[in-house]
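Understanding the architecture of this molecule
Okay, here's what each chain looks like letter by letter:
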Amino acid sequence: MGVAAPEEDSAAEGDSGDSGRPRRPLRRRLGGTVVLLVLASLFVLPWWTLFGSGAGWPFPVFLAGTVVFACSLVSFPFLMAAGHGRRRADRAARVADSTLGAVWVLFTWSVLGGLVHLALIALDAGGPDRARYLAAAVAAVSVALLAWGHYEAMRVPRVKRLDVHLPRLGGGLDGARVVVLADTHYGPIDRARWSARVAEAVNALDADVVVHAGDIADGTPEQRREQSAPLGTIRSRLAKVYVTGNHEYFGEAQGWLDRMADLGWEPLHNRHVVVERGGDSLVLAGVDDVTAASSGLAGHRADLGGALAGAGPDRPVLLVAHQPKYVPQAAAAGIDLQVSGHTHGGQIWPFHLLVRIDQPVVHGLSRHGERTQLYTSRGAGFWGPPFRVFAPSEITLLTLRSGSRPV
C-alpha cells in the first residue's frame, strides 16, 4: 500500500501495444462509460415510460416530469460522492440513497410496463390511450411499493423461527437458542430508537447465544455511536459473538471490533470460543469478511484455520462468516453450521437475481456437502435505499437440535 511498483513491472502489466502506454486509464474510462450508461438507463427508461412514450400528458406535466428526471440524473453522482465518499455527508447520502431506491423501483416496473405495452400493441388492444393508462399504472404501483417498502425497512424486523438439526450436537445443547442479527447498517438515517427496539426484541427471545453476522454500520464507530449503543443492552446466557462484514472495511473495521468488545460482545476476529451446557460443548468460530484481505489492514483476512486452531476435531462448530459464498471453505473443513448475512434477501425486488450471481444462496437454510448447513439471514436493516420490497427484514431464532432431522 502506498508504494509505487517498479517501472518495468508497471509497463509489463499495463502495456497496450506498440505505444507502451498503460491500459489502466483506458480501463477506467471504459468502466466510467459503462457506469454512466447504466445510470442513464435507470433514469431514462422510467422517464420514457411515464412521459415520453406517447402518454399525451399536458405540456406542463411533461415539462415538470422531464425537469425532475433530468435534475435527478445530473445531481445523483455528486450526491453519492458527497454522501458515501470521504466527506460522508449524511444529508447527501439520504437524498442519494432514496433517489436510487425510487429509480430502481420505477425502472423495474417500467420494464414490466413496456412488455405489457408491446403485448397490447401486438393484440391491438387498449386503444389510443393505452400509453397513458400504462404510465399511470406504473406510477401508481411504484408509489405504492415505495411507501410499503419504506415502512418495511423502518419497522422492527419480524422474528423468523427455525429448528436446525446438527447430528454432532450433544444432548446437553439440544434446544439451545441462537439468535442471529445481521446487517443492522446503522447509517445516515438516525435509527437509534429502532436499534433500541431491536435490542428489546432480541432480549425477549431469551437466547443462549446471540450472533451479529457483520455489517453493523455504514460509517465509523464514532459517527454511529448512539445508534450502536443499544447493542450493549443485549443479553444472552452463554455468549454474544460478532464478525466483521464488508461494510466495516469501508469505515474502521478494527474500530468496530474494539467498539463491540466495549459493548460486551466477543469479536471473533479469526478466533473461536467454546460454550458448554449440560456437559456438552459447541465451538463458536468466526472469520473476517472475505474482502478483509484487500483492505490493507494488517492481520485482517478470512482465516478459517486460525479460527479453528485448538478447537478439537470432534466438537460441533457453528461458524459465523458474513458472506454466504464462504461456505465452500466451511464445507471443506467439515463445519456443522455456517451463519451468514450480507444478501438482504435482495432488499428490493428483483435485485435478488443479481445477488444470486455473486452468492450461492440469497436467504434461508441450505445444505452444502455431506455435513455443512448454511443459514443466510435477510438481515435486520438495509443498505442505502431505505426500502425493502418483497424482501422482509428478520431477526432469526435458530433452535439447535441434536441428531438428524426426522424423516
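Throughout, a residue's number is its position along its own chain's written sequence, starting from 1. Predicted model: local features are reported for residues with pLDDT of at least 70 only, side-chain atom pairs are reported and counted for 80 or more only, and whole-chain, interface and lining totals are derived from all residues. Think of the side-chain values as coming from all heavy atoms in the structure, minus any hydrogens and water.

Summing up its helical and strand segments, the chain has eleven helices and twelve strands in all. In terms of overall dimensions, the chain has C-alpha extents of about 75 × 60 × 40 Å along its principal axes. Each residue's exposure class comes from its accessible area (1.4 Å probe, protein chains only) as a fraction of the maximum for that residue type: buried when under 20%, exposed when over 50%, partly exposed otherwise. Within the chain, the proportion of its 407 residues that are buried is 47%. Contact criterion: two residues are considered in contact whenever any of their non-hydrogen atoms come within 4.5 Å of each other. Put simply, of all contacts in the chain between residues at least 6 apart along the chain, 73% involve residues at least 24 apart. As displayed, the chain offers around 19300 Å² of accessible surface, 60% of which is attributable to carbon and sulfur atoms. Within the chain, the 37 negative side-chain charges are centred at a point lying 5 Å from the centre of the 40 positive side-chain charges. Per the convention used, a helix needs a DSSP run of H or I reaching at least four residues, while a strand needs a run of E reaching at least two, with both numbered from the N terminus. In this description, accessible areas are obtained by the Shrake-Rupley approach with a 1.4 Å probe, and a residue is regarded as covered only by the protein chains that are shown. His residues and chain termini do not enter the charge count, which takes Lys and Arg as positive and Asp and Glu as negative. Charged groups are reduced to one reference atom each: NZ for lysine, CZ for arginine, CG for aspartic acid, CD for glutamic acid.

In this approach, a probe sized like a water molecule rolls over the atoms, and the result shows the empty space that is left. Here a cavity denotes grid points, spaced 1 Å and computed from the protein atoms alone, that fit a 1.4 Å probe unable to get out, and a pocket denotes an open set having protein on both sides within 12 Å along at least 5 of 7 lines; residues with an atom within 4 Å of a point are the lining. Grid points are joined across faces, edges and corners, and a volume is the space filled by probe spheres set on the points. For the structure on display, the rule yields one cavity of 30 Å³ or more. Roughly 90 Å³ of internal volume is contained in the largest cavity. Surrounding the largest cavity, 14 residues form its lining, Asp-97, Pro-188, Ile-189, Phe-382 and Gly-384 being those nearest its centre. Broken down by element, the residue count for the lining of the largest cavity peaks at four residues, all from helix α4 (residues 90-122). When residues are sorted by character, Ala, Val, Leu, Ile, Met, Phe, Trp, Tyr, Cys and Pro go into the nonpolar class, Asp, Glu, Lys and Arg into the charged class, and all the rest, Gly among them, into the polar class. For the lining of the largest cavity, a count of residues per class yields five nonpolar, five polar and four charged.

Note on definitions: angles span 0 to 180 degrees between N-to-C directions of axes, and those axes are lines fitted to C-alpha atoms, for helices only across the stretch in contact. With their axes 9 Å apart at the nearest point, α4 and helix α5 (residues 130-154) run at an angle of 150° to one another. The angle between α4 and α5 falls in the class roughly antiparallel. Between α4 and α5 the crossing geometry is right-handed. Listed contacts from α5 to Gly-101, Ala-102, Val-105, Leu-106, Trp-109, Ser-110, Gly-113, Val-116, His-117, Leu-120 and Ile-121 of α4 are Arg-130, Ala-131, Leu-134, Val-138, Val-141, Ser-142, Leu-145 and Leu-146. Per-class residue counts for the contact of α4 with α5 are 13 nonpolar, five polar and one charged. Working definition: roughly parallel below 35 degrees, roughly antiparallel above 145 degrees, roughly perpendicular at 65 to 115 degrees, and oblique for all remaining angles. Crossing handedness is defined as follows: a turn of the near helix away from the far one that is anticlockwise and smaller than a right angle gives a left-handed crossing, while the clockwise case is right-handed.

As a further point, take the environment of Trp-349. By the secondary structure assignment, Trp-349 is in the loop between β9 (337-340) and α11 (352-358). Residue Trp-349 is classed as partly exposed on the basis of its relative accessible area of 30%. Taking the C-alpha atoms as reference points, Trp-349 and Glu-152, 197 residues apart in sequence, are found 13 Å from one another.

A pair of strands counts as paired when DSSP detects no fewer than two bridges linking them. Across the sheet, six strands lie side by side as β6-β7-β8-β9-β11-β10; this open sheet has mixed pairing. Whereas interior strands pair on both sides, the edge strands pair on one side only; in this sheet they are β6 (271-277) and β10 (364-368). Across the sheet, the mean angle from the axis of one strand to that of its neighbour is 20°, orientation sign disregarded. When β9 meets strand β11 (residues 372-376), the two strands line up parallel, connected through four bridges. Across the sheet, the residue bridging to Ser-340 is Thr-376, located in β11.

Our next topic: the packing of aromatic side chains. Stacked, edge-to-face and tilted labels apply to pairs of Phe, Tyr and Trp rings (six-membered ring for Trp) whose centres lie within 6.5 Å, assigned for plane angles under 30 degrees, over 60, and everything in between, in that order. The final tally for this structure, using the stated rule, is eleven aromatic pairs. Plain terms: the ring middles of Phe-59 and Phe-62 are 6.4 Å apart, the flat faces sit at 35° to each other, and that makes the pair tilted. Here Phe-62 and Phe-59 lie together in helix α3 (residues 59-84), a separation of three residues that amounts to about one turn. The ring of Trp-194 has Arg-191 lying over it, and the distance from NZ or CZ to the ring centre is 4.6 Å. Whether a charge sits over a ring comes down to the Lys NZ or Arg CZ being within 6 Å of the ring centre and within 35 degrees of the ring normal. Cation over ring: Arg-191 sits above Phe-382, and NZ or CZ is 4.5 Å from the ring centre.

Looking now at a nonpolar patch on the surface. The grouping of Val-111, Leu-112, Leu-115, Leu-118, Ile-121, Trp-148, Tyr-151, Trp-349 and Phe-390 at the surface amounts to a nonpolar patch, some 850 Å² of accessible area in total. Elements supplying a minimum of two residues to the nonpolar patch: α4 and α5. In terms of residue count, the dominant contributor to the nonpolar patch is α4 (five residues). Within the secondary structure, Leu-115 is located in helix α4. Leu-115 gets classed as exposed once you look at its relative accessible area, which sits at 53%. Here, patches come from residues exposed beyond 30% relative accessible area and free of salt bridges, joined within 9 Å for like charges and within 5 Å for nonpolar side chains (Val, Leu, Ile, Met, Phe, Trp, Tyr). Whenever Lys or Arg places a side-chain nitrogen within 4 Å of a carboxyl oxygen from Asp or Glu, that contact is recorded as a salt bridge.

Note on placement: His-117 falls in helix α4. Residue classification places His-117 among the buried residues on the basis of a relative accessible area of 18%.

Hydrogen bonds along the backbone pair up the strands of a sheet, which may run parallel or antiparallel. Strand order in the open sheet made by the six strands is β1-β12-β2-β3-β4-β5, with mixed pairing throughout. The open sheet terminates on both sides in strands that have one partner only, identified here as β1 (158-166) and β5 (266-267). By the bridge criterion, nine bridges tie β1 to strand β12 (residues 394-402) in an arrangement that is parallel. Considered in β12, the bridge of Val-164 is made with Leu-400. Sheet contacts for helix α6 (residues 192-203): β2 (177-181), β3 (209-212) and β12; angle to β12, the most-contacted strand, approximately 20°.

Moving on: the layout of surface pockets. Approximately 810 Å³ is the volume found for the largest pocket. Along the wall of the largest pocket there are 29 residues; nearest its centre are Leu-100, Phe-351, Leu-354, Trp-383 and Pro-385. Only α2 (24-52), α3, α4 and α11 provide two or more residues apiece to the lining of the largest pocket. The class makeup of the residues in the lining of the largest pocket is 17 nonpolar, ten polar and two charged.

On to the pairing of strand β7 (residues 280-286). Burial of β7 is extensive: six of the seven residues sit out of reach of the surface. Examined bridge by bridge, β6 and β7 share seven bridges and lie antiparallel to one another. Following the sheet pairing, Glu-276 is matched in β7 by Ser-281. Across four bridges, the pairing between β7 and strand β8 (residues 317-320) is parallel.

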